[in-house]
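Here are the chains, one letter per residue:
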Amino acid sequence: DRTLRYPREAAELGEQGPVTVRITTGADGRVRSVELRQGARSVFLNHYSQAVFRGATLPPFPPGTAEEEVTIDLTINYILYRR
């Protein structure tokens, strides 16, 4: 949550919509791979949704967890609110 932002270029163009990415992380929390599963019509939203997780570290697995990695499908809903 702390690093996720609305891409400036997409906001300026009024682009919005859902993007689904598949994230695979190791037991140490390091993201091993990021794959675009379902993109929006915006190249900016699609690119950013992957880039924010590349090289990231998520919380490590609890001690005693048998799995060495986990795969998560995450949907990010980009919605612009006009003032």
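Please read all numbers here as calculations on a predicted model, not as lab measurements.

**Q** What am I meant to see in the pattern of salt bridges here?
**A** Side chains that differ in sign of charge can pair as their charged atoms come close. What the rule picks out here adds up to 6 salt bridges. Across the pair Glu9 and Arg8 runs a salt bridge, and its minimum N-O distance is 3.9 Å. What makes Glu9 partly exposed here is its relative accessible area of 33%. A salt bridge links Arg37 to Glu35; the nearest nitrogen and oxygen atoms lie 3.1 Å apart.

**Q** Would you mind going over the nonpolar core with me for this structure?
**A** In summary, soluble globular proteins display a tendency toward joint burial of nonpolar side chains. Core analysis: the largest hydrophobic core is formed by 14 residues, its most contacted members being Val19, Val21, Leu45, Phe53 and Tyr78. For this core, the secondary structure elements donating two or more residues are strand E1 (17-26), strand E2 (31-38), helix H2 (43-51) and strand E3 (69-78). Counting residues per element, this core draws most heavily on E1, at 3 residues. What Tyr78 contacts, discounting residues up to four positions off in sequence, is Leu4, Arg5, Tyr6, Pro7, Gln16, Gly17, Val19, Leu45, Tyr48 and Ser49.

Here is what the cut-offs are and how they apply
- Residues numbered from 1 in each chain as written.
- Predicted model: local features only at pLDDT ≥ 70, side-chain atom pairs only at ≥ 80, totals over all residues.
- Heavy atoms only, no water.
- Salt bridge = Lys/Arg side-chain N within 4 Å of Asp/Glu carboxyl O.
- Buried < 20%, exposed > 50% of the residue type's maximum accessible area, 1.4 Å probe, protein only.
- Core = buried A, V, L, I, M, F, W, Y, C linked by side-chain atoms within 4.5 Å.
- Helix = DSSP H or I, 4+ residues; strand = E, 2+ residues; numbered from the N terminus.
- Contact = heavy atoms within 4.5 Å.

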